[in-house]
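Results of the structural survey
One letter stands for each residue in the lines below.
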Amino acid sequence: MSKSFKDLTIKDAFMFAAVMVDPDQCRPFLEMVLGMDIVDLHVVTEKTMVYHPQYHGIRLDVLAEEERRTAMKRQ
């Protein structure tokens, strides 16, 4: 089933990835959810992780990594 662009919401995989791939839009969302400041953010959509060929891998809709791995906890 296909939808027109105007009918897409953040729940649709395409729209979720389109919004979250932009660090300027992804950062405030993650800061709100995690309750911490994020300095530098690197975002990858539809990241597949397979650690061993005999096991199932996983596919992440969005992988967001803080590049410096430093975050200050909000008070």
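Residues numbered from 1 in each chain as written. Predicted model: local features only at pLDDT ≥ 70, side-chain atom pairs only at ≥ 80, totals over all residues. Heavy atoms only, no water.

Glancing now at the overall build of the chain. When its secondary structure is counted, the chain shows two helices and two strands. Reading the secondary structure of the chain in the N-to-C direction produces α-α-β-β. Of the contacts formed within the chain by residues at least 6 apart in sequence, a portion of 36% connects residues at least 24 apart. Total accessible area on the chain stands at roughly 6,200 Å², and carbon and sulfur atoms take up 57% of it. (Helix = DSSP H or I, 4+ residues; strand = E, 2+ residues; numbered from the N terminus. Contact = heavy atoms within 4.5 Å. Areas by Shrake-Rupley, 256 points an atom, 1.4 Å probe, with all protein chains shown as cover.)

Right, let's get into the pattern of salt bridges. The full count for this structure, using the stated rule, is two salt bridges. A salt bridge links Lys3 to Asp12; its shortest N-O distance comes to 3.2 Å. A relative accessible area of 44% means that Lys3 is categorised as partly exposed. You can call Asp12 buried: its relative accessible area is 16%. Put simply, Asp24 and Arg27 hold a salt bridge, and the shortest N to O gap is 3.7 Å. Placement of both Asp24 and Arg27 in helix α2 (residues 23-34) is noted, with a separation of three residues, approximately one turn of the helix. (Salt bridge = Lys/Arg side-chain N within 4 Å of Asp/Glu carboxyl O. Buried < 20%, exposed > 50% of the residue type's maximum accessible area, 1.4 Å probe, protein only.)

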